[in-house]
Amino acid sequence: MMQSNPKISVLIPVLNEEKGLGTVLKNLYSSATTSQIEEIICIDGGSADRTVDIAKSYGATVISSKRGRARQMNAGARHAKGNILYFLHADTLPPKGFDKTILEAVENGSQSGCFRMKFDSKNPMLRLFGWLTRINHTLCRGGDQSLFIEKDLFELTEGFNEDYFIYEDTEFIQRLYEQTEFKVLPEYVITSARKYRDKGWVKVQFHFGMIHLKSYMGAGPEELYRYYRKNLLT
């Protein structure tokens, strides 16, 4: 049972995020409406730009980790003091009162969950993809929607699988669906469509769809990463 007056640790994996990290951190402070944010932790995977300096300038705690979001997020969870963990990508803005919404969900018995998501784009297909995040099914889940989870449950489920260099959020959330009643909160995070703008939304969505299909057909983390590297990193 969650103790009274629970605290939230916000965990942000970062790698060369100097362009947008300040905006995200500023938004976090302005969007919080309770005093129950224990800390904001940026877990750096070896940035070569001003990411670390920017994080510190906004009062975030910075810890270092081996590169890879799964490794970085697990490292942040080990360091976290709060009994609720809130994982947030470095290009995603949480809604006003995100902390109060999470706390109320936990108080009502939800051990894990996420927000709905919108892209910062008016592209009709991306707006459709965002709309689909209201559906409470694993096919509609992803790390861009952020993730809250009780720390005890995170430790019980052994956190993110560090064999995954991509798809780590989805793989973990799939396990959470099997073990808990996963909650989709009604408010929206706003996430950057930068990858879609850089690579083209048709190309990106096609290859993400193929990654989902490959995983469903039994592909392991190495095969998924090889496919991603070949089709979306070149």
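Residues numbered from 1 in each chain as written. Predicted model: local features only at pLDDT ≥ 70, side-chain atom pairs only at ≥ 80, totals over all residues. Heavy atoms only, no water.

Chemist: Residues and numbers for the overall build of the protein, please.
Modeler: For the protein, the helix and strand inventory stands at 10 helices and eight strands. Computed over its C-alpha atoms, the radius of gyration of the protein comes to 17 Å, within 12% of the 17 Å expected for a compact globule of 234 residues. If you line up the protein on its principal axes, its C-alpha atoms span 45 × 40 × 35 Å. Counting over 234 residues, the protein shows a buried share of 52%. By sequence separation, contacts in the protein at least 24 residues apart represent 76% of the contacts at least 6 residues apart. When the accessible surface of the protein is totalled, it reaches about 11800 Å², and 50% of it is carbon and sulfur. Both charge centroids of the protein, one from 31 positive and one from 28 negative side chains, sit 7 Å from each other. (Helix = DSSP H or I, 4+ residues; strand = E, 2+ residues; numbered from the N terminus. Rg over C-alpha atoms; globule rule 2.2 N^0.38 Å. Buried < 20%, exposed > 50% of the residue type's maximum accessible area, 1.4 Å probe, protein only. Contact = heavy atoms within 4.5 Å. Areas by Shrake-Rupley, 256 points an atom, 1.4 Å probe, with all protein chains shown as cover. Lys, Arg positive; Asp, Glu negative; His and termini not counted. Charge placed at Lys NZ, Arg CZ, Asp CG, Glu CD.)

Chemist: Lay out a positive patch on the surface with the relevant residues and their values.
Modeler: Taken together, K118, K122, R127 and R134 make up a surface patch of like positive charges. Secondary-structure assignment places K118 in strand β6 (residues 112-119). Under the relative-accessibility criterion, K118 is labelled partly exposed at 42%. (Patch = residues over 30% accessible without salt bridge, like charges linked within 9 Å, V, L, I, M, F, W, Y side chains within 5 Å. Salt bridge = Lys/Arg side-chain N within 4 Å of Asp/Glu carboxyl O.)

Chemist: Quick one: what's the story with the pairing of strand β8 (residues 183-191), residue by residue and with numbers?
Modeler: Sheet topology note: the strand β5 (residues 92-93)/β8 ladder contains two bridges and is antiparallel. Following the sheet pairing, L93 is matched in β8 by I190. Two elements, β6 and β8, share seven bridges in a ladder whose sense is parallel. Bridge pairing in β8 links M117 to V189. (Pairing = 2+ DSSP bridges.)

Chemist: Hey, could you go over empty space enclosed by the protein for me, with residue numbers and the actual values?
Modeler: Overall, the coordinates contain one cavity of 30 Å³ or more when judged by the stated rule. Considering only enclosed or pocket space, the largest cavity measures out at about 40 Å³ in volume. Around the largest cavity, the lining residues are M73, F87, L88, H89, G143, S146, L147 and D169. (1 Å grid on protein atoms, 1.4 Å probe; cavity = no way out; pocket = protein on both sides within 12 Å on 5 of 7 lines; lining within 4 Å. Points joined across faces, edges and corners; volume = space filled by probe spheres on them.)

Chemist: Please set out the packing of aromatic side chains residue by residue, giving values where relevant.
Modeler: Aromatic ring pairs: the centre-centre distance and the angle between the two ring planes describe each pair. Using the criterion set out here, one finds 10 aromatic pairs in the structure. Relative to F98, the ring of Y86 has its centre 5.6 Å away and its plane inclined at 25°; by these criteria the two rings are stacked. One end of the pair, Y86, is in strand β4 (residues 84-87); the other, F98, is in helix α4 (residues 98-107), with 12 residues separating them in the sequence. Across the pair, exposure class does not vary: Y86 and F98 are buried alike. Aromatic pair F165 and Y225: ring centres 5.8 Å apart, planes at 45°, arrangement tilted. Residue F165 is found in the loop between α6 (151-156) and α7 (168-179), and its partner Y225 is found in helix α10 (residues 221-232); the two are separated by 60 residues along the sequence. A cation over a ring is seen here: K118 above Y188, with NZ or CZ 4.6 Å from the ring centre. (Phe/Tyr/Trp six-rings, centres within 6.5 Å; stacked < 30°, edge-to-face > 60°. Lys NZ or Arg CZ within 6 Å of the ring centre and 35° of its normal.)

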